[in-house]
Each structure stands twice: as C-alpha cells, then as structure tokens.
Amino acid sequence: MRRFFNSPHDEKNEIGLPSLEHGYEPVGNHTGVLEGTMVVYEILQVSRDEIRMPNPNLPSIVHNDRDIKTFSDFIGGSNIITKTILSCLSTAFGLSGEARFENAHRNEHKSNSALAMMRYLPGDPKSSKEIGHQKHTDIGSLTLLFSEQWGLQVLPPGSDTWGFVEPKKGHAVVNVGDSLRFASGHKLFSCIHQVVPIDNVADRYSIAFFLRPENHAKFLDSQGRWVRADQWHDEKFDVFKATHAEQKLVNSMLVGGMEG
Ligand SMILES: O=C(O)CCC(=O)C(=O)O
Ligand SMILES: [Fe+2]
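- An unreviewed UniProt entry annotates the protein chain as Putative 2og-Fe oxygenase family protein originating from Penicillium brasilianum.

Now the structure itself:
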C-alpha cells in the first residue's frame, strides 16, 4: 500500500476510475466531516468482478503477479468471511431457501463488491479545513474493515455521542450496511460511522472489503421504494459526492434512513 500511495500521481491515476467501485481516486473527491470541507483521503479500489478477469485493469505499478495474487487472495478470503457471517445471520433469523441473505450474494453473479485501500493525510481538526471521512453508513451488506490506527468513530443507535473504535491487532471491524438492513426488513441497523484525524503527523491507512449484493437483488429502501442493489449503490455514491448543502436534502440516504 505504501509503495502504491507513495508513487507519483500520474502512475497512481493511470487507469483513473473506470467504475465507481474500481480504480483510483485522488484526495478531495468526497465531502468532509465539517461543513465546507472535503475529505483528505485517496483510495485505490479493486472490484471483485475485475480481479477475476484474466488480465485485470490495474495501474502498472500493481499490475504484476504478486500484487494481483495479494488482491485476489484478500478479496477471496474476505468474501468467504463475510458470506459465512451472512449465513450465520440467516440462520439466526430463521431464514431458509432463497430468503437466506447469502443467496442474494452468489459469487458467479455480478456485484459491486470491492476491496478499498485508503490513505488519509494527517490533519489538525482545529485548524485544517480538509479532514476525515464524513458521517455515513455503508452501501452494501457487510464491511470488513482493517486499520491499525485510531480515527474510526461510531454513533450507536439512539445516541448522540460519537465513540472511538479501538484498533486491535489481529482484529477487524464488521459493519452492517444499508443493503443488509433493508434485506433484514430493517431489523438490523446500519452502522453510522466517520473518520476523524487523531494527530497531525502520521498518514492513516485502512483497508475495507465491501460485500455488496448481486446487482439484481431488490429490497425496500429507507424511503419505502423497491430498489435494485446497484441502483442504491449508484445513487448513494452521488450523495457521497454532493456538497453539504445538497446533502441536507438527502441526509437520510447518507445514513441509510438511520437517524443521527
Ligand atoms: O477508514 C476507515 O476506517 C473507514 C472507511 C469507511 O468508512 C469507508 O470507506 O466506508
Ligand atoms: Fe464506511
């Protein structure tokens, strides 16, 4: 990751962002935590569908057998872990057959599932206008999140106080996202979270695997509409990119209909 992010901009940006869940995005593409700010993270995403291609479209700096195997193994392993969790949840919900959550996440069906590698630039929350990762819920079903550094905060349901999530070696954070909330008939809660700068010296690195449903899966969203999984994904990405003023109008979408 360090090797990639420390490379020159043009090399990182060689393929740009061919789709919302695959490619490179430089700092400043999304709205930040404070009013009028933009986030200061850059992100390399590798889509689960793309990495299965014989010659995946990747920037040359990571287009080699070793890096492709690392991405592929990580995505494959994370896919198994998140689908195993889904299967346990289906059993806990007493679901059977097609209604089981994992059955809307079949491997051979196209989805927006992706690996995301993020680097946050350091920033002082008191003086910097460009900090963190705005409050949101994740789009997909489950997120497997790894970071060895502080910065992630969650807003527990019904609470107005943010709490830090302690980074623990050998542990991952698992977030429920909007798609699983909707698929569970809104019984599971999407986790409202954000990232704030902790110190103004070190870069912060995090890695996420976003398990998202098959593109054709349908569910009742927070506004009572029947939406396809890929439609919810694309619409919510537009919200991530909106300005704070615009976001107020669509705030409920940003947090998947959860209050906060
Ligand atoms: O960097 C993190 O710890 C969280 C990132 C995140 O919430 C996201 O990419 O959806
Ligand atoms: Fe997130």
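Anyway, onward from the coordinates.
### Some thoughts on helix α6 (residues 229-241)
Point 1. In this model, α6 (13 residues) spans 19 Å end to end at C-alpha, consistent with the 18 Å of a helix rising 1.5 Å per residue.
Point 2. Listed in full, the buried residues belonging to α6 are Ala-229, Asp-230, Trp-232, His-233, Lys-236, Phe-237, Val-239 and Phe-240.

### Notes on the sheet that holds strand β8 (residues 173-176)
In a beta sheet, neighbouring strands are held together by backbone hydrogen bonds and run either parallel or antiparallel to one another.
Point 1. What the 6 strands build is an open sheet, ordered β1-β2-β3-β10-β5-β8; its pairing is antiparallel. Two strands in the sheet have a free side with no partner beyond their single neighbour: β1 (23-25) and β8. On average, each strand axis in the sheet is inclined to that of its neighbour by 20°, with strand direction left out of account.
Point 2. Against the sheet, helix α4 (residues 65-92) contacts β2 (41-47), β3 (114-120), β5 (142-146), β8 and β10 (204-211), and its axis sits at roughly 60° relative to β10.

### Regarding the pairing of β2
Point 1. Here β2 lies mainly inside the structure; 7 of its 7 residues are buried.
Point 2. Side-chain alternation along β2 places Tyr-41, Ile-43, Gln-45 and Ser-47 on one buried face and Glu-42, Leu-44 and Val-46 on a second face that is also buried.
Point 3. By the bridge criterion, 3 bridges tie β1 to β2 in an arrangement that is antiparallel. Following the sheet pairing, Glu-25 is matched in β2 by Ile-43.
Point 4. Sheet analysis places β2 next to β3, joined by 7 bridges and oriented antiparallel. Opposite Leu-44, over in β3, you have Met-117 as the bridge partner.

### Focus on the sheet that holds strand β9 (residues 192-195)
Point 1. An order of β4-β9-β6-β7 is seen for the 4 strands of this open sheet, with the pairing classed as antiparallel. Each having just a single partner strand, β4 (133-136) and β7 (163-164) make up the two edges of the open sheet.
Point 2. As paired elements, β4 and β9 share 2 bridges and run antiparallel to each other. Across the sheet, residue His-133 finds its bridge partner in β9, namely Val-195.

### Quick notes on the pairing of β10
Point 1. Among the 8 residues in β10, 7 count as buried, and that is most of the element.
Point 2. Bridging between β5 and β10 involves 5 bridges; their strand directions are antiparallel. Pairing of Leu-144 across the sheet is with Phe-209, part of β10.

### As for the site of ligand 1
Point 1. Near ligand 1 you find Met-118, Tyr-120, His-133, His-136, Asp-138, Leu-145, His-193, Val-195, Arg-204, Ser-206 and Phe-210, and these make up its full shell.
Point 2. One nitrogen or oxygen atom from the side chain of Tyr-120 is found 2.7 Å from an oxygen atom belonging to ligand 1.
Point 3. Here His-193 contributes a side-chain N or O atom positioned 3.0 Å from an oxygen atom of ligand 1.
Point 4. In isolation ligand 1 has 290 Å² of accessible area, and contact with the protein removes 95% of it.
Point 5. When atom positions are compared with the pocket grids, ligand 1 is found to occupy the largest cavity.
Point 6. Those elements that place two or more of their residues in the shell around ligand 1 are β3, β4, β9 and β10.
Point 7. Of all the elements, β10 adds the most residues to the shell around ligand 1, at 3 residues.
Point 8. Residues of the shell around ligand 1, tallied by class, amount to 5 nonpolar, 4 polar and 2 charged.

Quick notes on the rules
Residues numbered from 1 in each chain as written. Chains lettered and ligands numbered in written order. Predicted model: local features only at pLDDT ≥ 70, side-chain atom pairs only at ≥ 80, totals over all residues. Heavy atoms only, no water. Helix = DSSP H or I, 4+ residues; strand = E, 2+ residues; numbered from the N terminus. Expected span 1.5 Å × (residues − 1). Buried < 20%, exposed > 50% of the residue type's maximum accessible area, 1.4 Å probe, protein only. Pairing = 2+ DSSP bridges. Axes fitted to C-alpha atoms, helices over the stretch in contact; angles between N-to-C directions. Contact = heavy atoms within 4.5 Å. Near = heavy atom within 4 Å. Polar contact = N/O pair within 3.5 Å; in protein donor to acceptor, adjacent residues only side chain to side chain. Areas by Shrake-Rupley, 256 points an atom, 1.4 Å probe, with all protein chains shown as cover. 1 Å grid on protein atoms, 1.4 Å probe; cavity = no way out; pocket = protein on both sides within 12 Å on 5 of 7 lines; lining within 4 Å. Sits in = over half its atoms within 2 Å of the grid points. Nonpolar A, V, L, I, M, F, W, Y, C, P; charged D, E, K, R; others polar.

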